[in-house]
Amino acid sequence: MPRQPLELAPFRGLRYASPDVDRFIDGEFDLARLLAPPYDVPDAREARDLQRSDPHNAARVTLPFELSRQSPGGTVPRRYRAAADLLRTWIGDGVLALDGEPALYVYEQVTADGRRQRGLVGNLRLPEEGAEPAVRPHEDVADPPVRDRFSLMAVARANLEPIFLVYRGGGGAASAVTEAVSGTPLVSARTRDGAEHRLWAVADPVRLRRIADDLADRSALIADGHHRYAAYRRLHEQYGEPGWRYGLALLVDSDTHPPRLGAIHRVLPGLDTAEAVEAARTVAVVERVAESFERALADVGAPALLLVSAEGEAHLVYGFDEEALERAMPGRSPDWRHLSTAALHEVLMPLWQASEEQVRMVHDDADEAVEAARDERGTAVIVPALGVEQVYAVADRGEPTPRKSTSFGPKPRTGLVMRLVDPAE
């Protein structure tokens, strides 16, 4: 099977203009007020706060009426249409405007703690039938979120936020061009989390050719956006139009800018921690711990996780019975069975009679997960983060991790640049 080249094509970015004087602070356009995290990061309260923060905040189209928190059916099609209509209204009113010429965009993020990441935003060519994809996932997906993003993008005829890809660039030409871009950026913003965001356009044909030639023989890994990538592919397969052959993506050389990998913790509302601990003892070693979560998990081999009650009492679960792991995950490799999220979802949750629909995900912040467990009178499950080489190894084997096993960062901010499928309209 021939391998499809990795292609990141220039496009005319759809970006916020600055027609509203109310968004100027000290003479500068306050873009930060209009940006949002990726659609699946905010919880319901955070989504409401974003939507109320500004009438043109990007969350009003990526999370229309908190759509991602709603069950499918009912008025869902009307909500997608409302988001698409709002997007077109913003374009018609000059809130959003297309750039004049196709370009790749250099996107730089500097987090509050000084971590710097640069990458290229462009049109990712999707795999054609019969070709080996140049982009590999590392996580399984669930159908409802894929249908959610598919429906929203289909009605809006737009990619509203980029997925996040990493690749082993080795400081090659594409990475070199990305790092060399300087001068006054198109936009610059500092968001409430203290992170700085800058965007430059690369339209020079010579530099674009250097990037294309360097990327052609490489492959990329999906760091964040598995459901959106699956929606991209579904849109391409269903509609077959030229515009749907591509999807918006941020591509980062992980050799030049190693990503931060955080954990995605779980909260199970209503799960009695004492009962969960006793059930876990039937398949693993369980010990009460008083030290830091990170240190407790680092001191034992995988799979390992912590069960934390609403009162903050923590129990370390490790040393799983190998036969129990194999019975629960037949046909899986030993490495896969020893992923902490695999042990949680395939062994422990069936013991607790807990369903996937009950689980709430909390990115990175273990204390936030414990607080959520307290609010919902349940149990927080603290899981360790994977290393980037572990993720590459899993993807290379073609054995995706359980859903939401990793949290790559820093994630691209939504609203800096969007993509219309039909820019000529």
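Residues numbered from 1 in each chain as written. Predicted model: local features only at pLDDT ≥ 70, side-chain atom pairs only at ≥ 80, totals over all residues. Heavy atoms only, no water.

## Topic: the domain arrangement of the protein chain
At step 1: Split into domains, the protein chain comes out as domain 1 (8-260 + 409-420) and domain 2 (264-384).
At step 2: Summarising the inter-unit geometry, the C-alpha centres of domain 1 and domain 2 are found 33 Å apart.
At step 3: At the interface, five residues of domain 1 touch four residues of domain 2.
At step 4: Here domain 1 packs against domain 2, burying approximately 330 Å² in sum over the two surfaces, 34% of which is carbon and sulfur.
At step 5: Counting the contacts that link domain 1 with domain 2 gives zero salt bridges.
At step 6: Between the two partners, domain 1 and domain 2, sit zero residue pairs in polar contact (both at pLDDT 80 or more). (Domains from an automatic or database assignment. Contact = heavy atoms within 4.5 Å. Buried area = accessible area lost by both parts, 1.4 Å probe. Salt bridge = Lys/Arg side-chain N within 4 Å of Asp/Glu carboxyl O. Polar contact = N/O pair within 3.5 Å; in protein donor to acceptor, adjacent residues only side chain to side chain.)

## Overview of the sheet that holds strand S16 (residues 264-268)
At step 1: Spatial ordering of the open sheet is given by S17-S19-S18-S21-S16-S20, a layout of six strands whose pairing is antiparallel. Of all strands in the sheet, those with a lone pairing partner are strand S17 (285-289) and strand S20 (360-363), marking the two edges. On average, adjacent strands in this sheet sit at an angle of 25 degrees to one another, irrespective of strand direction.
At step 2: Those strands touched by helix H8 (residues 273-280) are S17, strand S18 (305-308), strand S19 (314-318) and strand S21 (379-382), and its axis lies near 150 degrees from that of S18.
At step 3: Lying over the sheet, helix H13 (residues 366-375) contacts S16, S18, S20 and S21, oriented at roughly 160 degrees with respect to S21. (Pairing = 2+ DSSP bridges. Helix = DSSP H or I, 4+ residues; strand = E, 2+ residues; numbered from the N terminus. Axes fitted to C-alpha atoms, helices over the stretch in contact; angles between N-to-C directions.)

## Focus: the nonpolar core
At step 1: In terms of nonpolar packing, the biggest core is built from 111 residues, with Tyr 16, Leu 87, Leu 124, Leu 165, Phe 320 and Trp 352 touching the most fellow members.
At step 2: At seven residues, helix H12 (residues 340-352) tops the list of elements feeding residues into this core.
At step 3: Summarising the domain contributions, this core has at least three residues from each of domain 1 (8-260 + 409-420) and domain 2 (264-384).
At step 4: Excluding residues that lie within four positions of it along the chain, Phe 320 makes contacts with Val 283, Ala 284, Pro 303, Leu 325, Ala 343, Val 347 and Leu 348. (Core = buried A, V, L, I, M, F, W, Y, C linked by side-chain atoms within 4.5 Å. Buried < 20%, exposed > 50% of the residue type's maximum accessible area, 1.4 Å probe, protein only.)

## What about the pattern of salt bridges?
Two side chains of opposite charge can pair, provided their charged atoms sit close to one another.
At step 1: Inspection of the entire model under this criterion finds 31 salt bridges.
At step 2: In this structure, the salt-bridge partner of Asp 143 is Arg 147, at a minimum N-O distance of 2.7 Å. With a gap of four residues between them, Asp 143 and Arg 147 both fall in helix H4 (residues 143-156), about one helical turn apart.
At step 3: Classification of Asp 143 as partly exposed rests on a relative accessible area of 36%.
At step 4: In the salt-bridge network here, residues are joined through shared partners; they are Glu 108, Arg 116, Arg 118, Glu 179, Arg 190, Glu 196 and Arg 198.

## What about the environment of Leu 305?
At step 1: You can see Leu 305 is positioned in strand S18.
At step 2: Leu 305 sits in the buried class, given a relative accessible area of 0%.
At step 3: Sequence separation of Leu 305 and Val 383 is 78 residues, and the distance between their C-alpha atoms is 4.9 Å.
At step 4: For Leu 305, the residues in contact, after removing those within four places along its chain, are Leu 297, His 315, Leu 316, Val 317, Ser 340, Leu 344, Leu 348, Val 381, Ile 382 and Val 383.

## Topic: helix H7 (residues 226-239)
At step 1: Helix length check: H7, at 14 residues, gives a terminal C-alpha distance of 20 Å against a target of 20 Å (1.5 Å per residue), a fit within 8%.
At step 2: Looking one or two residues past H7, Gly 240 carries a phi angle of roughly 65 degrees, positive in sign. (Expected span 1.5 Å × (residues − 1).)

## Re a negative patch on the surface
At step 1: Taken together, Asp 364, Asp 365, Asp 367, Glu 371 and Asp 375 make up a surface patch of like negative charges.
At step 2: Examined against the element boundaries, Asp 367 turns out to sit in helix H13. (Patch = residues over 30% accessible without salt bridge, like charges linked within 9 Å, V, L, I, M, F, W, Y side chains within 5 Å. Areas by Shrake-Rupley, 256 points an atom, 1.4 Å probe, with all protein chains shown as cover. Lys, Arg positive; Asp, Glu negative; His and termini not counted. Charge placed at Lys NZ, Arg CZ, Asp CG, Glu CD.)

## Focus: the environment of Leu 348
At step 1: Along the polypeptide, Leu 348 turns up in helix H12.
At step 2: Taking the C-alpha atoms as reference points, Leu 348 and Arg 332, separated by 16 residues in sequence, lie 17 Å from one another.
At step 3: Filtering out sequence-adjacent residues up to four positions away, Leu 348 remains in contact with Ala 280, Val 283, Leu 305, Phe 320 and Ala 343.

## Describing unusual backbone geometry
At step 1: Here the bond from Ala 302 into Pro 303 is cis, since omega is 0 degrees, no more than 30 degrees from zero.
At step 2: Examined against the element boundaries, Pro 303 turns out to sit in the loop between helix H9 (293-298) and S18.
At step 3: Following Gly 409, the chain continues into Pro 410 via a peptide bond in cis, with omega recorded as -5 degrees.
At step 4: Looking at where Pro 410 falls in the secondary structure, it is placed in the loop between strand S22 (407-409) and strand S23 (419-420).
At step 5: The residue Asp 364 is not glycine, and still its phi comes out positive at about 70 degrees.
At step 6: Residue placement: Asp 364 occurs in the loop between S20 and H13.
At step 7: Phi at Arg 377 is positive, roughly 50 degrees, even though this residue is not glycine.
At step 8: Summarising the element assignment, Arg 377 is placed in the loop between H13 and S21.

## A look at the packing of aromatic side chains
At step 1: Enumeration over the complete set of coordinates arrives at five aromatic pairs.
At step 2: Centre to centre, the rings of Phe 164 and Phe 408 are 6.5 Å apart; their planes meet at 85 degrees, and the pair counts as edge-to-face. Taken together, the residues Phe 164 in strand S10 (residues 163-167) and Phe 408 in strand S22 connect sequence positions 244 residues apart. Each of the two residues, Phe 164 as well as Phe 408, counts as buried.
At step 3: Here the aromatic cluster, defined as three or more aromatic residues joined through ring pairs, consists of Phe 150, Tyr 239 and Trp 244.
At step 4: Positioned above the aromatic ring of Tyr 39 is the side chain of Arg 149, whose terminal nitrogen or guanidinium carbon lies 3.8 Å from the ring centre.
At step 5: Cation over ring: Arg 168 sits above Tyr 392, and NZ or CZ is 3.8 Å from the ring centre. (Phe/Tyr/Trp six-rings, centres within 6.5 Å; stacked < 30°, edge-to-face > 60°. Lys NZ or Arg CZ within 6 Å of the ring centre and 35° of its normal.)

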